[in-house]
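These are the residues of each chain, in order.
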Amino acid sequence: MTEGSVTRAANALRMTQPAVSNALARLRDALGDPLFVRSGTGIRPTQRAAALWEPIGEALERMRGALDEQVFDPARAQTEFSLSMSDYVSSLVMPDLLKHLGGIAPKARVHTVPNTVLEIGDQLEENRVDCVLSVYVNEAQQPAAIRSRSLWTVDYACFMRRGHPLAAQKRLSIRTFLNAAHVDVSLAGKTLPSYDLFLASRGLSRNLVATVNHYSAAYEVVRQSDLIAVLPSDLRSQSRQAPFLHAMPIPLRAPPRIVSLFWHQRNDTVPAQRWLRETLVGMFAKSE
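Just so it is clear, the model here is predicted, and its values are computed rather than measured. (Residues numbered from 1 in each chain as written. Predicted model: local features only at pLDDT ≥ 70, side-chain atom pairs only at ≥ 80, totals over all residues. Heavy atoms only, no water.)

S.K.: Account for the sheet that holds strand β5 (residues 131-134), naming residues and giving values.
M.R.: Two pairing modes exist for strands in a sheet, parallel and antiparallel, and in both the strands are linked by backbone hydrogen bonds. As summarised here, the arrangement of the five strands in space is β4-β3-β5-β12-β6, forming an open sheet in which the pairing is mixed. Each edge of the open sheet carries a strand with a single partner, namely β4 (109-113) and β6 (146-154). The sheet shows a mean angle of 20° between the axes of neighbouring strands, taken without regard to direction. Note: strand β3 (residues 80-84) against β4, five bridges, orientation parallel. What sits directly across from L83, in β4, is T112. (Pairing = 2+ DSSP bridges. Helix = DSSP H or I, 4+ residues; strand = E, 2+ residues; numbered from the N terminus. Axes fitted to C-alpha atoms, helices over the stretch in contact; angles between N-to-C directions.)

Right, here's the structure in full:
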């Protein structure tokens, strides 16, 4: 469950792959379920395996603790973590996280990979990443095996370049705002930005002339053109563009979007994974 691969599980158990495959076959026969099915380069748990894992994983963790009192020691651990996030989230999280790990977990390695929001579940199900830090577009469709913890609410503003013809106005009317030329971010590349879905739910549309798949690119487009954009207002990570941008309130505010920490339930009791999650929550969760 934790490795997502028979080969990696065999290495972790110091067993041969055939021995692990034979043990898995006996489990399948005993429980009357395939337990794991092939998926991409590894395996994915069935619903039966996912349901069993919570009580069994907790029991195994208690047994492991009773037998060898194994505790994750960040100061000595030579481990690698993989985090999935957008460039905007990464620019907020990674500088502080790496500075923190450098002091308490100097041998740890962290790798980030991009996410497109749509593949959050697949990244975790297929064990491609340890955690995802992102906004989940439709919480109702979140797979049952994916756990989450809210971190912070994203504040948005309407951005334009300093000197933009609309920058002299104190507030934008809804008509002026919708008619202006917009750029927005679509991490998946082909999907409609969430703000346009919000407008459509109210029977409205804006003049969206371009989408880009990086937040940093959107800020740069705004800085160098007459396009405006609805973007996160925390420009701490975009300090190079910040002096050249003007922010105004959005005439039509969408429901708040929350950046959350996502992980697969199979990692609930893994000491290193639990320590990583506790570290991320401790550093970046904000009480509203």
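S.K.: Would you mind going over the sheet that holds strand β7 (residues 156-161) in detail, with residue names and values included?
M.R.: Judged by pairing direction, the sheet is antiparallel, and its three strands sit side by side in the order β10-β7-β11 without closing on themselves. The strands lining the two open edges of the sheet, one partner per strand, are β10 (229-232) and β11 (245-248). For this sheet the average axis-to-axis angle between neighbouring strands, irrespective of direction, equals 45°. Where β7 lies against β11, four bridges are found, and the strand directions are antiparallel. Following the sheet pairing, M160 is matched in β11 by H246.

S.K.: Can you break down the packing of aromatic side chains residue by residue, with the values?
M.R.: Tallying each qualifying case throughout the model produces six aromatic pairs. When the ring of F159 is compared with that of Y219, the centres are 5.8 Å apart and the planes differ by 80°; the resulting orientation is edge-to-face. Highlighted residues: F159 in strand β7 and Y219 in helix α8 (residues 215-223), separated in sequence by 60 residues. Classification of F159 as buried rests on a relative accessible area of 2%. Residue classification places Y219 among the buried residues on the basis of a relative accessible area of 0%. When the centroid spacing of 6.2 Å and the interplanar angle of 90° are considered together, the rings of F177 and Y195 count as edge-to-face. Of the two residues, F177 sits in helix α6 (residues 174-179) while Y195 sits in helix α7 (residues 194-201), which places them 18 residues apart along the sequence. (Phe/Tyr/Trp six-rings, centres within 6.5 Å; stacked < 30°, edge-to-face > 60°. Buried < 20%, exposed > 50% of the residue type's maximum accessible area, 1.4 Å probe, protein only.)

S.K.: Tell me about the pattern of salt bridges, and please be specific about residues and values.
M.R.: Per the counting criterion, the structure on display carries ten salt bridges. The residue D226 makes a salt bridge to R161 at a minimum N-O spacing of 2.7 Å. On the criterion of sequence distance, the pair formed by D226 in the loop between α8 and β10 and R161 in strand β7 is long-range, its members being 65 residues apart. Note on D226: relative accessible area 41%, which makes it partly exposed. It is possible to trace a salt-bridge network through shared partners that takes in R44, E119, E126 and R128. (Salt bridge = Lys/Arg side-chain N within 4 Å of Asp/Glu carboxyl O.)

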